[in-house]
Protein chains: 2
Amino acid sequence: MEGKTEVGPFQLMSAITTTAVLIGANVGGKANYMAIAWCAPCGHTPPSFMFAANKTHHTNKGIIENRSFSINIPSVDQVKLLDWCGLNSGAEVDKSALCNNFYGVTHTAPMMPICPVCVECSLIEHHDMNAHTVFMGKVEKVYANPDILVQGPHGPAIDTQKLHANMFSFSGPSYMGLLAPHAVPWSVGAEFDPKDAAPARRSNEFPRIDTALCVGCGNCVGSCPKSLYSLNAEGKSVFDMENISQCTHCHHCIEGCPVNAISLSHD
Amino acid sequence: MEGKTEVGPFQLMSAITTTAVLIGANVGGKANYMAIAWCAPCGHTPPSFMFAANKTHHTNKGIIENRSFSINIPSVDQVKLLDWCGLNSGAEVDKSALCNNFYGVTHTAPMMPICPVCVECSLIEHHDMNAHTVFMGKVEKVYANPDILVQGPHGPAIDTQKLHANMFSFSGPSYMGLLAPHAVPWSVGAEFDPKDAAPARRSNEFPRIDTALCVGCGNCVGSCPKSLYSLNAEGKSVFDMENISQCTHCHHCIEGCPVNAISLSHD
């Protein structure tokens, strides 16, 4: 395909970003947790959840034995705990001693109360995917810290921004947080006109800096979530055009400039 | 569990955030695309991908008929296109006319070249999940725009930050972008000491502002990705303590303050 580079099937994994969680299960009667990133909901009636785990994982045995598992979601400030659980196998390290595990209606899915969200699931089925097993579970109960809840139309609801979980990608690899919402699903699409379908405009919108106006306050440097601004030797704002594809079009730079020295141009 | 609020099983869907994609298939010989958020990789040998689709979707028929589908990933500036494909069914609207669809080795999985990443998959299997069907596919080929690639150890690799896809959550609901990486998987966990396992510290680290030093430059206002700063009537920096749980601990405020008026406190 003209304009596209073929990059090999493994690159799918750098294109898809998912929430990194700790899956818990009792293995030989002892609580264990594994770090898992390949996960998503898989149904709403009843609420269900799927994840893929390498077959080498110690935790898998306990899920199949007890037909239950838990989902524990660490926040970004618990990234070391999350990653440590991924680096160390329960076959060698006792993860049951990390904190006071608690159990709910399944009685066999250990949960980590230090995580802001804990979910217990009963196993529906599991599928062989060669090196991985895909587990699918029915969500039984969800427990959340009060400080990540907002009042929703049907009672308290988890706020994704307040939860502030670790998103995982093989690109890097890296753990990332989430930016503030930029659009509302089942709504923003009403503004789309099919006649206007256009390629991603990664490079044809860029900030233009009027150096005669720039006072060198550095607001643009501080406000850019991708660190694309710097001040040059004359103390004037400079935008990193080489990395323009990282620009999120958040317009914080434009909004934050006290002298309106930054505007948008199109090539 | 003490300290936790039970919020009901549907809330799992606000706790898990996933990349929103357009799944393509030929239906009755015509290209069609549906917006899907519940997706993740599900294996690496071979690279595989799973997603859950409500059974009412028009596209599902084509996937099963041709045993192939595509994954097309719009960037944040294509969010209206993405959402429009979710709002409108291919049973009523001709989505084949959005752009010049292209086909690869499967010959039956239409791809949308305007999206920065297009992936073709052959169907491995599909599973009945009550209201939803889970599809699992083998990744055949991945095509990407050159401007979202970086040189990796094994050739060109997709950069998640440059791709800048739309992350979806039922919280809101909302589409969100990704913050810059804050940690490296399979690495940062080496810094963790199991004795230090601690609850998410959402509220015990907060910025303290020395108003005697503050010069009211507004750098903190511009640099906070969660807009937690403002200037008060005296032109001094004020932190929104009521929404401290949104603080991402990025420390942009501290680093950006030209007079070191912001420091961290713990309660």
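Residues numbered from 1 in each chain as written. Chains lettered and ligands numbered in written order. Predicted model: local features only at pLDDT ≥ 70, side-chain atom pairs only at ≥ 80, totals over all residues. Heavy atoms only, no water.

Asks: Would you take a moment to explain the interface of chain A and chain B for this structure?
Replies: Many descriptions give the size of an interface as the accessible area lost when the pieces come together. Counting residues at the interface gives 132 residues for chain A, matched by 132 residues for chain B. In total, about 11600 Å² of surface goes out of reach between chain A and chain B, with carbon and sulfur atoms giving 65% of it. For the pair chain A and chain B, the interface holds four salt bridges. Of the charged contacts in the structure, one is a salt bridge between K80 of chain A and E191 of chain B, with a shortest N-O distance of 3.2 Å. Our enumeration of links across chain A and chain B arrives at 51 residue pairs in polar contact (both at pLDDT 80 or more). Element by element, the count of residues in the side of chain A that touches chain B is highest for strand β13 (residues 174-183) of chain A, at ten residues. The residue inventory of the side of chain A that touches chain B, partitioned by class, reads 77 nonpolar, 39 polar and 16 charged. (Contact = heavy atoms within 4.5 Å. Buried area = accessible area lost by both parts, 1.4 Å probe. Salt bridge = Lys/Arg side-chain N within 4 Å of Asp/Glu carboxyl O. Polar contact = N/O pair within 3.5 Å; in protein donor to acceptor, adjacent residues only side chain to side chain. Helix = DSSP H or I, 4+ residues; strand = E, 2+ residues; numbered from the N terminus. Nonpolar A, V, L, I, M, F, W, Y, C, P; charged D, E, K, R; others polar.)

Asks: It is not clear to me how the relation of the copies chain A and chain B should be interpreted in this structure. Could you clarify?
Replies: Superposing the two chain copies requires a rotation about an axis and a translation along that axis. Mapping chain A onto chain B calls for a rotation angle of 180° and an axial translation of 0.0 Å; the resulting RMSD is 0.1 Å. Between the two chains, the operation in question is that of a two-fold axis. The position closest to the rotation axis in chain A is occupied by the C-alpha of S223 of chain A, lying 1.8 Å away. The fraction of interface residues of chain A whose copies in chain B are also interface residues reaches 100%, indicating that both copies meet through the same surface. (Least-squares fit on C-alpha atoms with pLDDT ≥ 70 in both.)

Asks: Teacher, can you tell me more about the nonpolar core here?
Replies: What tends to happen in soluble globular proteins is that the nonpolar side chains get buried as a cluster. Ranked by internal contacts, the top residues of the largest apolar core, which has 127 residues, are F51 of chain A together with F51 of chain B. Dropping the residues within four chain positions of it, F51 of chain B is found in contact with M50 of chain A together with I23, M34, I36, W38, C39, I63, F69, T133, V134 and F135 of chain B. Counting residues in each nonpolar core, the second largest holds 14 residues, with L228, F239, A261 and I262 of chain A among its members. (Core = buried A, V, L, I, M, F, W, Y, C linked by side-chain atoms within 4.5 Å. Buried < 20%, exposed > 50% of the residue type's maximum accessible area, 1.4 Å probe, protein only.)

Worth remembering: the numbers are spatial, not functional.
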